[in-house]
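So you can see what is in the structure, the chains are spelled out below.
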Amino acid sequence: MTENKHIAEVQVESTRFILTDTDMEHRQTEAPPSYDSVVNQNTAPPLYPSLQTLSANQILPYHIPQPIPQTPAPRAAETIPSQRRQGLCRSKRCCYGGSSGATVVVMLVVIAIWLGVRYGPTLWALSKSTKETDTCPPSSVDCDGKRDCSQGSDESRCVRFGTANELQVMTFKSSVFLPVCAQGWNKNIADQTCQQLGFRQHHEYGFLLTNSSSFQSMNSQFTNTIQGSVNRSTSCPGQQAVSLHCSKCGKPPVSTRIIGGSVAADGQWPWQASLHFQGYHTCGGTLLAPDFIITAAHCFPKETRDSQMPSNWKVYIGLVSQLRLPSPYYVHKIILHENYDPATKNNDIALLKLNKPASNVQPICLPVFGQKFSPAQQCWTTGFGLTRQEADSISTSLMEVKVDLIDLSVCNSHTVYHGSITENMQCAGDLRGGKDSCQGDSGGPLVCKADDQWYLTGVTSWGDGCGKQNRPGVYSNVGRLLMWIYGKMQQERP
Ligand code: ARG
């Protein structure tokens, strides 16, 4: 978080450093320190997302993941005696028999075991997390209430919320989203619908007067999914449609903040999460539902060893200081957007499924389908990131800054980001400079207030420097990525 005002910065144990070019050269020419000497010390952690200088006319999202120094893994081929590799071995004894042969076999077994222990969990985690491919049989039918695809993608995009949280369902018979008629609706169906969407239960429901001429009407009972439990109809008594809320969200218990300051008050942003990688704050995140945190995909770079392994992460929720950490949640699964592009930062979004539901913390509200946020709205971004671009440590206190939403066309203009902003991104900040998120804020929230509630508008993604004139912060556009978010929450529902 950077702001015009000077913000006092406190040095913490968990500091992160930006590497200079000289550091980089140094790293490349010298043998890396051993893994343990790096991860076990209480010294500065290995650097994570960092800065790269950009030439004036080539403004691209940047992020240099810093690999964690590692002990080079022994390469199996090099452990085979050179005689055999070069085909010089003539006698049977030389190659397969006698003590040297036995030693080779033992060594190979040891290496195989070592590789299994060292990389097995990573490979397992990778196969379990991230980019699973969904296989769908040719006979697969979308939204018929029967799961055909291996990951269930045929049934995970059939429900959405419209204005005033109107529940809208699509079925295989109607390939449009239609409101659900209130007739026959009850608490039990509300719970089951919210559970289908990845929530634990419903928060509240109500009925809305609608002028729609087509509806989804409830069958006599709920079978597995809401789309499998409705039928299209043209009449609905009293034109009453269901409005459903799956969580109490976006209403912080505290709504005052330190006047003129930028340190967030406790309780002001209860959905804020701090994601610790191997013990250090690395990215921000936002609580969406008791079991799900939303964050940025670039927080899990392939190049950073083990960053995609759930067991390396701890999630702290609702905290305002890195010096007073609540008990952590652990990550059950890391779900990255399949089309995240590290080069352009398009689709920079990820979900973390927690090992158990978060309690005593309030989630943020997701925007409803088609909800527009305008530059006139009140929007804020929060995080534990750097408070000055040159700072060498994250902030121990949760910082907040008010930002303006910036139109795509303005943000893409040649004086700003010159065409690098996609539809899936949202710029926010102040074109005069000074108000911005920064390194360490990534994955955290950009929230805007509408009808007395806070909605997640963006996820902190990238920027050219921090707080510079004509270089606002760039956030993943949550409204555009809603279907992916709900789809994954459904596929991974607790
Ligand atoms: N990529 C950064 C991170 O990993 C976030 C950068 C946001 N930059 C900005 N100018 N708003 O923490």
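Values in this document were obtained by computation on a predicted structure and should not be read as measured data.

Engineer: Tell me about the sheet that holds strand β1 (residues 159–161), and please be specific about residues and values.
Structural biologist: One open sheet accounts for 3 strands, arranged β1-β2-β3; its pairing is antiparallel. The open sheet is flanked by β1 and β3 (178–179), the only strands paired with a single partner. Direction of pairing for β1 relative to strand β2 (residues 167–169): antiparallel, over a ladder of 3 bridges. Its bridge partner being in β2, Arg 160 is matched across the sheet by Gln 168.

Engineer: Tell me about the environment of Pro 290, residues and numbers included.
Structural biologist: With respect to the secondary-structure elements, Pro 290 resides in the loop between β9 (280–289) and β10 (292–295). Overall, the relative accessible area of 22% leaves Pro 290 in the partly exposed class. Separated by 68 residues in sequence, Pro 290 and Ala 358 have C-alpha atoms that sit 4.8 Å apart. Contact partners of Pro 290, with chain neighbours within four places excluded, come to Arg 200, Leu 354, Lys 356, Pro 357 and Ala 358.

Engineer: For helix α7 (residues 187–196), give the residues involved together with the corresponding values.
Structural biologist: Listed as buried for α7 are Ile 189, Ala 190, Asp 191, Thr 193, Cys 194 and Gln 196. Tucked into the core, α7 has its buried residues touching β1, β2, β4 (204–209), β5 (215–218), β7 (240–245) and α9 (478–491). N-capping of α7 is provided by Asn 186, with a side-chain oxygen placed 3.0 Å from the backbone N of Asn 188. Downstream of α7 by a residue or two, Gly 198 has a phi angle that is positive, lying close to 100°.

Engineer: Kindly report on α9, identifying the contributing residues and their values.
Structural biologist: Side chains that are three or four residues apart share a direction in an α-helix, a result of its 3.6 residues per turn. Across its 14 residues, α9 extends 19 Å between first and last C-alpha, which sits within 8% of the 20 Å expected from 1.5 Å per residue. Within the sequence span of α9, burial applies to Val 478, Leu 481, Leu 482, Trp 484, Ile 485, Tyr 486, Gly 487, Lys 488, Met 489, Gln 490 and Gln 491.

Engineer: A description of the confidence of the model for the chain should follow, citing residues and the corresponding values.
Structural biologist: Averaged over all residues, the pLDDT of the chain equals 78, while 72% of them reach at least 70. Here residues 113–117 scores under 50 on pLDDT; set against residues more than four positions off or in separate chains, the count is 5 contacts. Segment residues 119–130: pLDDT under 50, and 21 contacts once partners within four positions in sequence are set aside and those in other chains are kept.

Engineer: Which residues make up the nonpolar core, and what values go with them?
Structural biologist: Ranked by size, the top nonpolar core spans 70 residues in total, and within it Trp 185 and Val 315 carry the most contacts. No other element matches the 7 residues that α9 contributes to this core. The residues contacting Trp 185, other than those within four sequence positions of it, are Leu 167, Val 180, Ala 190, Thr 193, Tyr 205, Phe 207, Met 218, Ile 226, Val 242 and Leu 244.

Engineer: I'd love a proper account of the environment of Gly 444, names of residues and values included.
Structural biologist: Mapped onto the fold, Gly 444 is located in the loop between β16 (425–429) and β17 (445–450). Relative accessible area serves as the criterion here: at 0%, Gly 444 is assigned to the buried category. Separated by 31 residues in sequence, Gly 444 and Tyr 475 place their C-alpha atoms 9.3 Å apart. Setting aside its immediate chain neighbours within four residues, Gly 444 contacts Gly 284, Gly 285, Thr 286, Gly 458, Val 459 and Thr 460.

Engineer: Summarise the site of the ligand; cite the residues concerned and give the values.
Structural biologist: The local shell around the ligand holds 16 residues, among which Asp 436, Ser 437, Gly 440, Ser 442 and Gly 465 are the closest. At 2.6 Å, a backbone N or O of Gly 440 approaches an oxygen atom of the ligand. At 2.8 Å from a nitrogen atom of the ligand is found a main-chain nitrogen or oxygen belonging to Gly 465. Here the ligand loses 99% of its free accessible area of 350 Å² to cover by the protein chains. Per-element tally for the shell around the ligand: the top contributor is strand β18 (residues 453–462), with 3 residues. Partitioned by chemical class, the residues of the shell around the ligand number 4 nonpolar, 10 polar and 2 charged.

Engineer: So what's going on with the state of the cysteines? Residues and values would help.
Structural biologist: Considering all chains together, one arrives at 9 disulfides under this definition. A sulfur-sulfur distance of 2.1 Å marks the disulfide that ties Cys 181 to Cys 236. Taking the torsion about the S-S bond as the criterion, the Cys 181 to Cys 236 disulfide, at about 85°, is right-handed. Of the two residues, Cys 181 sits in the loop between β3 and α7 while Cys 236 sits in the loop between β6 (230–233) and β7, which places them 55 residues apart along the sequence.

Engineer: Tell me what's going on with empty space enclosed by the protein, and back it up with residues and numbers.
Structural biologist: Any space left empty among the atoms is revealed by the rolling of a water-sized probe across them. For the structure on display, the rule yields 6 cavities of 30 Å³ or more. Of the pockets and cavities examined, the largest cavity occupies roughly 200 Å³. In terms of lining residues, the largest cavity is bounded by 16 residues, among which Asn 165, Ser 247, Cys 249, Leu 366 and Tyr 486 are the most central. Looking at the lining of the largest cavity, its residues break down into 12 nonpolar, 4 polar and no charged.

Engineer: Any details on unusual backbone geometry? Residues and values, ideally.
Structural biologist: Despite not being glycine, Cys 143 shows a phi value in the positive range, around 60°. Tracing the sequence through the fold places Cys 143 in the loop between α6 (98–128) and β1. You will see that Asp 306, though not glycine, has its phi angle at about 65°, which is positive. One can find Asp 306 in the loop between β10 and β11 (313–317). Taking relative accessible area as the criterion, Asp 306 reaches 9% and is therefore assigned buried.

Engineer: Report on the sheet that holds β18, specifying residues and quantitative values.
Structural biologist: Pairing is antiparallel in the closed barrel, where 6 strands are placed in the order β14-β15-β16-β19-β18-β17. On average, each strand axis in the sheet is inclined to that of its neighbour by 45°, with strand direction left out of account. Strands β18 and β19 (473–477) of the sheet are contacted by α9, whose axis makes an angle of about 40° with β19.

Reading the values: the criteria
- Residues numbered from 1 in each chain as written.
- Predicted model: local features only at pLDDT ≥ 70, side-chain atom pairs only at ≥ 80, totals over all residues.
- Heavy atoms only, no water.
- Pairing = 2+ DSSP bridges.
- Helix = DSSP H or I, 4+ residues; strand = E, 2+ residues; numbered from the N terminus.
- Buried < 20%, exposed > 50% of the residue type's maximum accessible area, 1.4 Å probe, protein only.
- Contact = heavy atoms within 4.5 Å.
- Polar contact = N/O pair within 3.5 Å; in protein donor to acceptor, adjacent residues only side chain to side chain.
- Expected span 1.5 Å × (residues − 1).
- pLDDT = per-residue confidence, 0-100.
- Core = buried A, V, L, I, M, F, W, Y, C linked by side-chain atoms within 4.5 Å.
- Near = heavy atom within 4 Å.
- Areas by Shrake-Rupley, 256 points an atom, 1.4 Å probe, with all protein chains shown as cover.
- Nonpolar A, V, L, I, M, F, W, Y, C, P; charged D, E, K, R; others polar.
- Disulfide = S-S within 2.5 Å.
- 1 Å grid on protein atoms, 1.4 Å probe; cavity = no way out; pocket = protein on both sides within 12 Å on 5 of 7 lines; lining within 4 Å.
- Points joined across faces, edges and corners; volume = space filled by probe spheres on them.
- Axes fitted to C-alpha atoms, helices over the stretch in contact; angles between N-to-C directions.

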